[in-house]
Structures are given as structure tokens and as C-alpha cells.
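Here is what each chain is made of, one letter per residue.
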Amino acid sequence: MFGSAPGRAPAPAALSPADYARRVFQTKHNLSLVPSAIQWLEELCAEFNLEQESDIVDTFEHLVKGVQGHGSGLDGPVKITAQVLDEAYQRLRVSADQPNTENGHGDDFDTSQYLKVVDAFDMPAWRWGEESKTFERAPKGPSLAPPPSSKARYLRDRYHIIRQVILRNEHFSPPAIAGNERSDYMKLTSIKNLLGRQGNHFLIFGLLARMEDGAFYLEDLDDKVELDLSEATPESGLFTEGSFVLVDGDYMADSTFRVNEMGHPPSERRKDAMFVVFFSSRIVVQAELVAAEQSPQHETSFVVLSDLHLDNYKTMNALREMLETYEGVEDEHKPSLFVLCGNFRSRPFLFDGESTREYNELFNNLATLLSSFPSLLHHSRFLLIPGPTDPYASLTLPRPALPDSLTKSLSTKIPNITFGSNPCRVRYFSQELVFFREDLMGRMMRNAVRMGDGSEQKGTDLRKALVQTILDQAHLAPLPLNVRPVLWDFDHALRLYPMPTTLILADKFDPYKLVYEDCLVFNPGSFARRKYSWSTYHPHMVEPKERMEESELPDE
């Protein structure tokens, strides 16, 4: 159907299509097939008269690539349903029917087929294998009610991911030639190897934690050691309990570790991490997608708003004015995506009938407003992400999407609307955008560890410190569970490895835009903080710092 390799002698199928489906999807690619998916594959074989083993296997392999290749590889589905297969099949048909340009950049890609929202609860778990030294898909899918061992496992997974990045960094790599040690080579020592070596200088790595006695400790997989931070000098960034840090200092006679310097682990750029995760298997595909997204025919924009309080009539009027502006532009210049982040009410949700009725009414008003712009509804998609106080309010991350019972009117009136989790991800050609609605700046500052006399931390650019901390930690919430509870089995949905193309930290803090290790990070700020403002993202721009611009309504 998608084409067979030339010169291959056809062999009659020795097994049924269902058997080949299990062999290709489950045995070879570790993908789970539900019964409806097997039935869909059988019907596909019957429709196209696929009777030869080579034709069946080649077709199934193409479908696997269609399922996995639409995302980064880390966000592909674990459970394969008939709907997933049908979507992959349609994408493959679109790609096969579209001509390439002379330079092979595929300018005629159907953009809508390469814009995908990934829910946090649909992301499969990947773990770093210490034996294989590669990433491996978890043998079982995540659970909302995992065994107690999951609590330790998610921290071990974070430890291994960061440690392998450290050991690959040029400053931590062992000398390539024996006897020719580099002067800047840094050697990590495990905490258990400190035993009996008092009075020596070491560099150690582990989890920064506070114990019941109030003292700070550093933990790794084997042991822990108490830290003396009285003379510590922190490097750039914010240091919180629950973060993994590098500590340089001396092991003292009383078995404490006197810290001289503390720093975050080095980060790894996305292009380098992608090569580690996928070796060279996706490099060519990524290059084609980059060329496609930068094509003039694919110039588009994403509009990002945060703290859209629907119970404020001034906010609703401003939203209407903004939408009227986009409704009036030419169709090819209309945004492809509107991302509306909560909180959607100025007051927190309470588990009572009044709050439920008000949220129903607010979303019904939003549906009525959006439906009055038919051209936008035809050309754009809408993504709603709940805020910290939206239903059903919970401290636990990740947070599920807004409940269906409150968003029926939106689902009915707005055809291209998606209700995302918090956080959630958007895939657009080669790019990965992570959206996280959280008042993160305030929470991180409240839980930052103070060291020495605190003088080194005065005058710090908080925006740069926050961005560096989040990306170096490769995690959206490097905090202890008592401060920011996490669903153990879904902690992988909060990780930022490989580093995303763009990270949107929607916060009530002042808007900002920074580029760190080629990753664009920005905060759109509250929609009605001073003026009615939002962020506009241009994915086709080559330079990361040029992709986002702040927009606002003109003064009256």
C-alpha cells in the first residue's frame, strides 16, 4: 500500500494479520494494541488485499513510523487504538500525496497535520538504562495508584538522567589519553566513598534535602551526608530542596561536608540530547521538518494568554477586541493556535454548587464569544489550560484538563478546541513547546535555600535565575513533595529532557523573554496586569529570540 522494497520475492503470509500486528507492534516496538486496533488492521489488510507477508509487515512498519514519528519520540502513545492508527494513516496519505519542492524541503506540507497537542497523561515513561546506556521505554504504563516503590523510582530516574548529562559534559569527561590529564577535568565522588577520607577535598552530586532535625543533607543512590552551608558560595540560579546539585568542598572530621561552592548541573542543548536519545535515526527527519517549518508558506503564529478572568467584564471586552483584530486580518495571517491559560475566574474554585454553576456560565459565555468569529473558528485551533485555582483545584502535578461537565458548551459550539492538561506540550513540525501555568517564581523564591550570609544572592536577576534552574534541573517542579506534590508515575510529564524548543512559564510575575542554551523561555504575564497584553509566537523564525513578541491592545 505504501510501497514495497524492490526485488523482494513475495512470500505467502504464514500468519494472520492479527498475528503480524502483535509481532510488529507489541513484540518489536513494545506498543500495546487494544482489540479495536487489531480489528482496524485486519480491515485495512482486507480492504487493500494484502496477502503477502512482506506487504503486511511493510505496511505495519509504516504505520508504526506514522504513530511514533509525529512527535519527538518521547511523547508517542503507548496504547495504540483504532483512532490513533486512523490518524497516523491519514497523515501518511497526506504526506504521500504532497509533492516536494526542488530542494526537497516539502513546502507543501499540510500544516494542520503537524500541529499536535500532547496531554501529560498520554506521555509514555522513558528511563535511562544504566546497563544499556540508552533510554528505554518503561515496560508498564503509568498508574494513578502505583505501588510504594514508584516514589523512590521517580527520583532515581531524575538522578540518572541528570547524571548522564553531567558525565557527558566536557568538563567531567575523563581524559581521552591515559597519562594526559586535562587540568579542568572534574571528577565526581560518590557519597559512600567519602567514608574514612576526612580532611580531603571532593566534588559530589546528589539530591538536596532537609531532614527531620532541620539540617541539610545531600543524598545519592547509596548514602547521604550532612552539609555545612555556613561558608557556602552559591553559583547562579535558585537552590531549593528537591533539586539535584553539584557540591564542592571538604569532608570534615565530624563527618559533615563543609560546602565551598554549590552549583546546578550543566544542561544539554536539545540537538545534542536528541542525538543521545535517538542516535542518528531521526536526524534526517528533523532536518526535513525544520526546513518545512521555516518555509514562507508555513509562516504562522500562536497567541498565548494567561490569567484570562472570564468573570471580569473588562477582560471579556478586551478579549473580544483582540479577537476582532485577528478576525479582520487576511486568512493566511490568522494565528494557527490560541492558547488560553487560567485562572479562568478571579476567585478560586470551591467544591460547592455555586462555583460549579458560575464556571458553567463563564465557559458558556466564552463559547458564545468565540462562536461570533466564524473565520477564526475555521482557521484556528483553541487550547485551554487550567490554572492553579481552576476546577478541580489540586496541588498535585500534573493536573488533568478542565472537566467535561463544565466545558460542554465549548465542546459543542467550538469545533477545533482542545482541553489540555497542566503542563501540556504542543508539537509543531520539529518544535516542541511546553506550556506550564503555575505561579512558579513566587513558589521557588519562598523555598529557596539561603547560604552563607546571603550577600552573594543579592542583586540576582530572578528571571535568569529561575530559567537556568528549571532547565538545568530538567524539571518543571524541582521541589520536595510536601511543597509541590507530584503523581509519582507521571513525574516524567514534568521533565524537560530533551530540552524543549520553547518553554512557556505562564506566571502572574511580570512578562519576560530569555534564551538559554538555544531554548526560548517566556512568560506572557497576566492578561490584565497593567494593559491587556499577550504573547505572540512565530515558529517559522530561525533565531529563538525573534520568535516571541509581546502584543497589547492600543490605548483608548
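**Q** Could you give an account of the overall build of the chain, naming the residues involved and the relevant values?
**A** A count of helices and strands for the chain gives 13 helices and 22 strands. Classification of the 556 residues of the chain by burial places 52% in the buried group. Accessible area for the chain stands at about 25500 Å²; split by element, carbon and sulfur atoms hold 49% of it.

**Q** Now, about helix α13 (residues 462-473): what can you tell me, with residues and values included?
**A** Between its terminal C-alpha atoms α13 stretches 16 Å, which fits the 16 Å expected from 12 residues at 1.5 Å a residue. Within α13, 9 of the 12 residues are buried, leaving the element largely enclosed by the surrounding structure. Where α13 is buried, its residues meet α5 (149-168), β10 (244-251), α12 (440-446), β18 (502-506), β19 (512-516) and β20 (519-523). Here α13 starts with a cap whose side-chain oxygen sits 3.1 Å from the backbone nitrogen of R463, and that cap is D461. At the C-terminal side of α13, A474 shows a positive phi close to 55°.

**Q** Describe in detail empty space enclosed by the protein, supporting the description with residues and values.
**A** The tally for this structure, following the rule as stated, stands at 4 cavities of 30 Å³ or more. Taken together, I161, I162, V165, P266, S267, E268, L471, D472, A474, L496, Y497 and M499 make up the full set of residues lining the second largest cavity. Elements with a minimum of two residues in the lining of the second largest cavity: α5 and α13. Per-element accounting of the lining of the second largest cavity gives the leading share, 3 residues, to α5. Residue classes in the lining of the second largest cavity are distributed as 9 nonpolar, 1 polar and 2 charged.

**Q** Please set out the sheet that holds strand β12 (residues 302-305) residue by residue, giving values where relevant.
**A** As summarised here, the arrangement of the 6 strands in space is β15-β14-β13-β12-β21-β22, forming an open sheet in which the pairing is mixed. Pairing within the sheet leaves two strands with one partner each, and these edge strands are β15 (417-419) and β22 (548-552). The sheet shows a mean angle of 20° between the axes of neighbouring strands, taken without regard to direction. Examined bridge by bridge, β12 and strand β13 (residues 337-341) share 4 bridges and lie parallel to one another. Of the residues in β13, the one forming a bridge with V304 is V339.

**Q** I'd love a proper account of the packing of aromatic side chains, names of residues and values included.
**A** Throughout the structure, instances matching the rule amount to 22 aromatic pairs. For the ring pair F344 and F363, a centre distance of 5.7 Å and an interplane angle of 65° mean the geometry is edge-to-face. Here the residue F344 occupies a position in the loop between β13 and α9 (353-371), and F363 occupies one in helix α9, the gap between them amounting to 19 residues. For the residue pair F344 and F363, the accessibility class agrees, reading buried in each case.

**Q** Any details on the packing of helix α1 (residues 17-28) against helix α2 (residues 35-47)? Residues and values, ideally.
**A** The interhelical angle for the contact between α1 and α2, taken along N-to-C directions, is 120°, at an axis separation of 9 Å. Looking at the two axes, α1 sits oblique to α2. Where α1 crosses over α2, the two elements pack in a sense that is right-handed. Across the interface between the two elements, P17, A18, A21, R22 and F25 of α1 pack against I38, L41, E42 and C45 of α2.

**Q** An account of the nonpolar core is needed here, citing residue identities and associated values.
**A** Core analysis: the biggest nonpolar cluster contains 35 residues, and L305, M322, L323, F344, F363, L384 and L410 have the highest contact counts within it. Counting only elements with at least two residues in this core, the list comes to β12, α8 (313-327), β13, α9, α10 (374-379), β14 (381-385) and β15. Top element by residues in this core is α9. It accounts for 7 residues. When near neighbours in sequence (up to four residues on either side) are disregarded, L305 contacts L319, M322, V339, L340, C341, F527 and W534.

**Q** So what's going on with the sheet that holds β18? Residues and values would help.
**A** With respect to topology, 6 strands assemble into an open sheet ordered β3-β16-β17-β18-β20-β19, the strand pairing being mixed. Each edge of the open sheet carries a strand with a single partner, namely β3 (115-119) and β19. This sheet shows a mean twist of 20° between the axes of neighbouring strands, independent of strand direction. Pairing geometry for β19 and β20, over 5 bridges, is antiparallel. Residue pairing for β20: Y512 is matched across the bridge by N523. Contacts from α13 reach β18, β19 and β20 within the one sheet, and its direction differs from that of β19 by about 45°.

What counts, and where the lines are drawn
- Residues numbered from 1 in each chain as written.
- Predicted model: local features only at pLDDT ≥ 70, side-chain atom pairs only at ≥ 80, totals over all residues.
- Heavy atoms only, no water.
- Helix = DSSP H or I, 4+ residues; strand = E, 2+ residues; numbered from the N terminus.
- Buried < 20%, exposed > 50% of the residue type's maximum accessible area, 1.4 Å probe, protein only.
- Areas by Shrake-Rupley, 256 points an atom, 1.4 Å probe, with all protein chains shown as cover.
- Expected span 1.5 Å × (residues − 1).
- Contact = heavy atoms within 4.5 Å.
- Polar contact = N/O pair within 3.5 Å; in protein donor to acceptor, adjacent residues only side chain to side chain.
- 1 Å grid on protein atoms, 1.4 Å probe; cavity = no way out; pocket = protein on both sides within 12 Å on 5 of 7 lines; lining within 4 Å.
- Points joined across faces, edges and corners; volume = space filled by probe spheres on them.
- Nonpolar A, V, L, I, M, F, W, Y, C, P; charged D, E, K, R; others polar.
- Pairing = 2+ DSSP bridges.
- Axes fitted to C-alpha atoms, helices over the stretch in contact; angles between N-to-C directions.
- Phe/Tyr/Trp six-rings, centres within 6.5 Å; stacked < 30°, edge-to-face > 60°.
- Parallel < 35°, antiparallel > 145°, perpendicular 65-115°, else oblique.
- Left-handed = near helix turned anticlockwise from the far one by under 90°.
- Core = buried A, V, L, I, M, F, W, Y, C linked by side-chain atoms within 4.5 Å.

So, to be careful, I would describe these as geometric facts and stop short of saying anything about function.
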